[in-house]
Amino acid sequence: MRVVVVLLICLSAFSTTAAVDRATQAALNDIDSSVTPATKPAGTTLKRSESSGESPRIEWLPLLSLFAPMLAAAVAVGVAGGIAGTFVLLRREALLALAMPQVVAVGAAVGLRNHWPTLPPAIVAAAGALIFLVTSRRRGSGPWVLPALYIAGLSISFLVIASKGQDVADLQKLFTGIDVAVAPSDAALAVPILLVVGITLAVLWRRWLLMAQAPAAAELAGLHPARWDALFLILLTTILLMGTNVLGVVMVLAMLFLPAATALPWARSVPVALIAAAVLALIFLGVGFAVSNLMQWPLSQTIGGVGFGFVVVSHLGARFL
Amino acid sequence: MTLIQVQNAMFGYGGKPVVRVDSLELRRGHCLGIFGPNGAGKTTLVRGITGLLPMMSGRVERQPGVELRLGYLPQHRAMELHWPMTGFDAAAMSISARRLFGWVRRDASAVLTSMRNLGVESLKHRPFGKLSGGQQQRLLLAGALAAEPNILVLDEPTDGLDVQSRRSLLDLLADCAARGLCTVVISHDVEDLLQLSDEIAWLHPAEHAGESSRCESISPEHFAERMLQTRRIK
């Protein structure tokens, strides 16, 4: 019954999108007639039909080809993020997932300032934060650690490149994800890593369940809960690091939280939740990509908006059905 | 047969003593109750006698040639019920702890057999969070027994159960002990301890800062007398 309801939610979202498309096509037509080709947003291929007065149509194949590296990276972030996000919500690690991309941004800012590649300093920043987190957890440090990391990352990343005009703009793009462009080499590195990490997290689902429910049972069986906790943080940080570096903070967080938040009210077991979250992430990406091109909206924010709509519908459905 | 013998041992963390034990024994078919206020070192004592925590001084001897398999029955009230899991998933946790990646496909039949023995096989597809406390506790016990432990540690096993579920669980635990399983019951419930235990480790908290708690080993009869005296004085 619940699966049917989820499918209905997905179908209704698609039909809503289609309705929006028809309504916006007329507006796009008007805009298209008043905008010269030189001022059209890059990456969107609008083509006027032969007969005058018809709606402009998007040539999807060239568009998909143009955005192939970004879409491949987004699919990998969607699958890995959907899986990781399910565990993040179940383990109540949301603040960690929010703070870590800010820390990654500090590394990226150092890279931008020195005209280095952004990934190596981002890895160093994430590793430093991770070591600090793991040791502070072992010492039982208070709840100040993650909020402090969040604010520190947000502030220091901009202080590092203050008064460096173009670099500040690049960092803002990293945070907002408004201009998502991924080089093929970046995608070739990020996609396999993200997929392997996502699948590893999924394969170990019974381990995460055990560590959350009965760490004492794990300890009596000879396992080390602290080490498994550290492994989870490393896998999660890898996803946040690779995802943030290629697609920006907004896209990563949208893919991490929203598919899992949509799937969890309906899932009766962890594997079902993981599969549903990964599939929903791909649906959000597909719908978000289509809407962002039709509406000339920024991609990350559109995916976030679509995802949030699904979350609201899902939770309302779970509450009233 | 003695599985573990503890003599004049001190257990603690980071060089700081937490609990001192003069003498304790875990034997097959024997139930050791652990009683004491919060913070007295009950968990430290269990970790110490099961070998998870290295002793600071004294002696902990294990029966040579006997592989110790430790099982654990968590408090059902401590479970995080927002995790989506079925009755089978909950029961399979103990056995998954003994597998490299937690996979239990090969052991599914052992878990199901144990669930059948405890009369909870029909709950295998039901959401764990929607079951009653008694059903949850039986599922967890079935899972713990499926891993075939020779020492089973139970943490407040009857906490939050209704009278009938409590009675049923205590009978099951008595059956397990009768079949040779060594059980260690951590409980604040005096009645449970009197009904199940062959020996009770009573933890008396330290009176001064820097001192350790003291573990006194007494018989259930002696424990009952002392508890009655305490009530009369109050």
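Because the structure is predicted, anything quoted here is derived from the model rather than measured.

Visitor: Would you explain the overall build of chain A in this entry?
Guide: A count of helical and extended segments in chain A gives 14 helices and 2 strands. Of all intrachain contacts in chain A linking residues separated by at least 6 positions in sequence, the fraction that spans at least 24 positions is 75%.

Visitor: Just checking my understanding: could you explain the interface of chain A and chain B for this structure?
Guide: Quoted interface sizes are often the accessible area lost when the parts come together. With 23 residues of chain A at the interface, the matching set in chain B holds 24 residues. Of the residues forming the side of chain A that touches chain B, the biggest block, 6 residues, is contributed by helix α9 (residues 205–213) of chain A. Partitioning the side of chain A that touches chain B into residue classes produces 17 nonpolar, 2 polar and 4 charged.

Visitor: Please explain the packing of helix α3 (residues 68–90) of chain A against helix α12 (residues 249–263) of chain A as it appears in this structure.
Guide: Helix packing for two helices is described by the angle between their axes and how far apart those axes are. All names here are of chain A. In contact at an axis separation of 7 Å, α3 and α12 are set at 55 degrees when each is read in the N-to-C sense. In this view, α3 runs oblique relative to α12, as classed from their interaxial angle. Seen from above, α3 lies across α12 with right-handed handedness. Between α3 and α12, the residues in contact are Ala74, Val77, Gly78, Gly81, Gly82, Ala84, Gly85, Thr86, Val88 and Leu89 and Met251, Val252, Met255, Leu256, Phe257, Pro259, Ala260, Ala261 and Ala263, respectively. For the contact of α3 with α12, the per-class residue count stands at 14 nonpolar, 5 polar and no charged.

Visitor: Teacher, can you tell me more about the pairing of strand β6 (residues 151–155) of chain B here?
Guide: All names here are of chain B. In terms of residue burial, β6 counts as a mostly covered element, since 5 of its 5 residues are buried. A two-sided burial pattern is seen for β6, the buried positions comprising Ile151, Val153 and Asp155 on one face and Leu152 and Leu154 on the other. As paired elements, β6 and strand β7 (residues 182–186) share 5 bridges and run parallel to each other. Note that in β7 the partner of Leu152 across the bridge is Thr183. For the handedness criterion, the β-α-β arrangement of β6, helix α6 (residues 163–178) and β7 is classed as right-handed.

Visitor: Where do I start with the sheet that holds strand β2 (residues 16–27) of chain B in this structure?
Guide: For sheets, the rule is that strands pair by backbone hydrogen bonds, running either parallel or antiparallel. All names here are of chain B. Read from one edge to the other, the open sheet built from 9 strands follows the order β4-β1-β2-β9-β8-β3-β7-β6-β5, with strand pairing classed as mixed. Each edge of the sheet is formed by a strand with only one pairing partner; in this case those strands are β4 (57–62) and β5 (70–73). Between one strand and the next, the sheet's axes are offset by a mean angle of 20 degrees, whatever the strand orientation. Pairing of β5 with β6, which is carried by 4 bridges, proceeds in the parallel orientation. When the bridges of β6 are listed, Tyr72 appears paired with Val153.

Rules used in this analysis
Residues numbered from 1 in each chain as written. Chains lettered and ligands numbered in written order. Predicted model: local features only at pLDDT ≥ 70, side-chain atom pairs only at ≥ 80, totals over all residues. Helix = DSSP H or I, 4+ residues; strand = E, 2+ residues; numbered from the N terminus. Contact = placed C-beta atoms within 7 Å. Nonpolar A, V, L, I, M, F, W, Y, C, P; charged D, E, K, R; others polar. Axes fitted to C-alpha atoms, helices over the stretch in contact; angles between N-to-C directions. Parallel < 35°, antiparallel > 145°, perpendicular 65-115°, else oblique. Left-handed = near helix turned anticlockwise from the far one by under 90°. Buried ≥ 20, exposed ≤ 12 C-beta atoms within 10 Å, placed from the backbone. Pairing = 2+ DSSP bridges. Right-handed = clockwise from strand over helix to strand, strands pointing away.

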